[in-house]
Amino acid sequence: MARIEPRILKGFRDYLPEVMIPRTRLLRRIADVFERFGFDPLDTPSIEYAEILLGKAGPEAEKLFYRFEDQGGRDVALRYELTISLARVVAQYKGELPRPFKRYQMGPVWRAESPARGRFREFWQCDVDIVGTDSLLADAECLAVDHAVMRALNVPNYVIRFNNRKLFRGLQARIGVSDQGVMDAVMRAVDKFDKVGEKGVREELLQQVGNGGFTDAGLSLVFDFLKLAEGEYSNPQRIEQLAAFLKGSELGERGCAELREVYESALALGVPDEALRIDPTIVRGLDYYTGTVFETFLRDLPGFGSVMSGGRYDGLIGLFAGEEIPAVGISVGIDRLISALEELKLLPKGQSTAAVLVTIFAPETQGYSLRAASMLRRAGVPTELYLDTRAKLGKQLKYAAKRGFPLVVIAGPEEEKEGVVSLRNMASGEQMRIPASQLVQAVQDNYADPDGRAGRSWDWEFRDDMIDRVPQVGGVYLLRNAQHEVLKCGWAAYGKLPEAIRAGVTPEQREQVKTFDWYEVRDDRLSEMLAAFMIEKLAPKFD
C-alpha cells in the first residue's frame, strides 16, 4: 500500500498536549464562570438543515458557510456559530424551557474564511445567552460575564467596547437613508473599521452613494458620528456626545438611554470602568443584532481583533417561534484567545495532566508503588504510574522531566522495608523521605492544583495574578512563608475570598509571605468558626 502523506487542511490545526492541556483548563474555568452566573449547559448538533441557518446571519456571513448535500440528498450546513441553533431549540422546545432561559454552550463551529493571524476555519465558541427577557440587566450581566471570564483566565489589559444598534437607526434617520438594505450595507462597512481603517470604510461607503437616499452629505455625517469614538473622554461624556448628535431621533435617543442603563448596571455588577469603553464603531457584522453589541479586545495586541463578543438579538428566535422572544448573549472565541495568549507568551505550557509520577523501582516492589498511586488517586491527586516494570529508575526520571511532572514518588525496597517513600521535587531536585501514610499530605503541601477543582488549593505563589485565579467564593485561607510556616489565617464571606487573601497582610508583612492555601466553604458562619479553630491550633505568626 502506498504511503499516505500526513497533513491537514489549511485553516485547521492540531492541538498537541502542550497546548491542549492549558486549553482544557481554560475551558473548565470558563464553564465555572458560566455556572457561577447561573447558566445551564446545552448542546446541539454540529450539522443543521441549511434552511435553519440561512437568512439570519447576513450575506457576508453566509458566504462562509460549509454547505453541502449529504448522502440522503438533504441540503445541510455545518453551524457557523451557536446562536441560530439556540434559536431553533428555544422554538422547538418553548413549552418545556423556563423563562428566562439561561444557557451556556461550548463547541466547534466552522467558517470557510481565509486563515489569518488567530483566525481558523474550525474553532470553538463558548457562549452564554439569556432568552425570554427584554430587561437590560441581562445585557449588563453579559458584560459582567465577559469581565469574570477575562479575570478567570488571567488575561491582562483588555477592554470591552460596546455600543447599541439603535444608534445606527437614529443615524439612518439623520442621514435620510430610506432603503433598509442600503443602511445594512453601511453598517456592515462600519463593522470593518478595525480591519480596514477609515480609508477602507470610506471606499466601501462611496459605492453606496446615490442608493436609497445615501448622499455625499450622509457619508460625511457617518464619519462625524464615528469620530465620536475618538478622544480621551469618560464613558458618561461619550454617551452625552452621542445623545447630542442623535437628538430628535426617537430610536437614537432610546439607544443612548439603553447604553447609559447598561453601563451603570455593569458598574454595579463589579465591572471596573477602565475595562469598559462606549464605542460607536462597534456594529457586529451579523444582521440579527438589534440593541446592545459588544466586543472585547486586548490592548497589548492591537489589530488582533476581538476575542469575546455578542449582543442583543430580539427578532431572531421569532423567525422560528412565530412570536418575538427577546434574547441577548456573548461568546468567547477560545481558539483566538489562546492564539493571543501564545503571542503574548502568557499561555502556560503543559506536557502532563498529572501532578505526580509514581515510579516502579523493580518488579518486586511493584505492589508498593501501585498502593502509593492508588492512595494518591483516591485523594483526588492526578497521578500517573510508570508502566514499564523493567525500566531503570534513571530512565523513569528522564521521562518525568520531559513530561514536566512537578513531583516523583520513588518506592524502592529500602523505602518499603521502612514504610516510607521518597518524594522528589523535580524543579529543585530536593528529595525527602516521608512515611507512606503521609504521602497524600506531602504531595498536597507541594502541589498547586491549576484549577482548584476540589474547592481547595495548596501552595499557590503569593502573586496578584495567582490571587486573581481564586474563584469569588467564601472560605478560609492560610498565608505561609518560605519555610512553610503559617503566618496568617483568615476567612472571607461568600464572594470575597480573593479580596480577603489580597488584603490579609500589611505591605510590610507581605514581603514575608511566599505562598497561600485556600479552602472554599459555602457557609459564612462555618468559615468564621473554622478560621477561629485553625488560628487556635496553628498559632499563626501574624495577628
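Residues numbered from 1 in each chain as written. Predicted model: local features only at pLDDT ≥ 70, side-chain atom pairs only at ≥ 80, totals over all residues. Heavy atoms only, no water.

Caption draft 1: Here's a closer look at a nonpolar patch on the surface. A cluster of nonpolar residues, L526, M529 and L530, forms a patch on the protein surface that exposes about 250 Å² of accessible area. Residue position: L530 is located in helix α21 (residues 524-538). On the basis of relative accessibility, which here comes to 32%, the residue L530 falls in the partly exposed class. (Patch = residues over 30% accessible without salt bridge, like charges linked within 9 Å, V, L, I, M, F, W, Y side chains within 5 Å. Areas by Shrake-Rupley, 256 points an atom, 1.4 Å probe, with all protein chains shown as cover. Salt bridge = Lys/Arg side-chain N within 4 Å of Asp/Glu carboxyl O. Helix = DSSP H or I, 4+ residues; strand = E, 2+ residues; numbered from the N terminus. Buried < 20%, exposed > 50% of the residue type's maximum accessible area, 1.4 Å probe, protein only.)

Caption draft 2: Here's a closer look at helix α6 (residues 166-175). By the criterion of burial, α6 is predominantly enclosed, with seven of the 10 residues buried. Among all positions of α6, only K166, L167, F168, G170, L171, Q172 and I175 are buried. Residues of α6 that are buried make contact with β7 (158-164), α7 (180-191), α9 (216-226), α10 (235-245) and α11 (250-268). (Contact = heavy atoms within 4.5 Å.)

Caption draft 3: Representation of the packing of helix α1 (residues 17-36) against helix α5 (residues 136-152) within the structure. Between α1 and α5, the least distance of the axes is 9 Å, while the angle of their chain directions is 145°. In the packing of α1 onto α5, the handedness of the crossing is right-handed. The segment α1 lies against α5, with R29, I30, V33 and F34 engaging V145, A148, V149 and A152. Its residues assigned to classes, the contact of α1 with α5 shows seven nonpolar, no polar and one charged. (Axes fitted to C-alpha atoms, helices over the stretch in contact; angles between N-to-C directions. Left-handed = near helix turned anticlockwise from the far one by under 90°. Nonpolar A, V, L, I, M, F, W, Y, C, P; charged D, E, K, R; others polar.)

Caption draft 4: The arrangement of the environment of V76 in detail. Its place among the elements puts V76 in strand β4 (residues 75-78). Taking the C-alpha atoms as reference, V76 lies 9.0 Å from L53; in sequence the two are 23 residues apart. For V76, the residues in contact, after removing those within four places along its chain, are I47, E48, Y49, A50, Y66, R67, F68 and D70.

Caption draft 5: Geometry of the sheet that holds strand β2 (residues 47-49). Here three strands make up an open sheet; going across it, the order is β2-β4-β3 and the pairing antiparallel. Every interior strand has two partners, whereas the edge strands, β2 and β3 (67-69), have only one. The mean angle between the axes of side-by-side strands here comes to 35°, regardless of whether they run parallel or antiparallel. (Pairing = 2+ DSSP bridges.)

Caption draft 6: Focus on the nonpolar core. Counting 79 residues, the largest nonpolar core has F34 and V149 as its most contacted members. If sequence neighbours within four positions are ignored, V149 has contacts with I30, V33, F34, M308 and V332. Counting residues in each nonpolar core, the second largest holds 28 residues, with L53, L316, A321 and A327 among its members. (Core = buried A, V, L, I, M, F, W, Y, C linked by side-chain atoms within 4.5 Å.)

Caption draft 7: Representation of the pattern of salt bridges within the structure. Within the structure shown, the criterion is met by 31 salt bridges. We note a salt bridge from K192 to E204, for which the minimum N-O separation is 3.2 Å. Highlighted residues: K192 in the loop between α7 and α8 (193-206) and E204 in helix α8, separated in sequence by 12 residues. For R510, the salt bridge is made with D464, and the minimal N-O distance between the two is 3.1 Å. Of the two residues, R510 is situated in helix α20 (residues 507-510) and D464 in helix α18 (residues 464-467); the sequence distance between them amounts to 46 residues. Using a relative accessible area of 40% as the deciding quantity, one classes D464 as partly exposed. Within this structure, R151, D464, D468, R502 and R510 form a network of salt bridges that share partners.

Caption draft 8: Representation of the sheet that holds strand β13 (residues 383-385) in the model. Taken in spatial order, the five strands of this open sheet run β13-β12-β14-β15-β16, and their pairing is mixed. Of all the strands in the sheet, the pair left with one neighbour each is β13 and β16 (431-435). This sheet shows a mean twist of 25° between the axes of neighbouring strands, independent of strand direction. Strand contacts of helix α14 (residues 366-378): β12 (356-358), β13, β14 (407-410) and β15 (420-425), with the helix running at about 160° to β13, the strand carrying the most contacts.

Caption draft 9: Just the environment of R403, in detail. Structurally, R403 can be placed in helix α15 (residues 393-403). Side chain to side chain, R403 and S352 meet in a polar contact 3.5 Å long. Within polar-contact distance, the side chain of R403 engages the side chain of E384 at 3.2 Å. (Polar contact = N/O pair within 3.5 Å; in protein donor to acceptor, adjacent residues only side chain to side chain.)

Caption draft 10: The pairing of strand β6 (residues 122-131), seen in detail. Judged by how many residues are buried, β6 sits mostly within the fold: eight of 10 residues are covered. Where strand β5 (residues 101-110) meets β6, 10 bridges bridge the pair, whose relative direction is antiparallel. Directly across from W110, in β6, lies its bridge partner E122. Of the strand pairs in this sheet, β6 and strand β11 (residues 327-333) are connected by seven bridges, and their pairing is antiparallel. In the strand pairing of β11, I130 is matched with V328.

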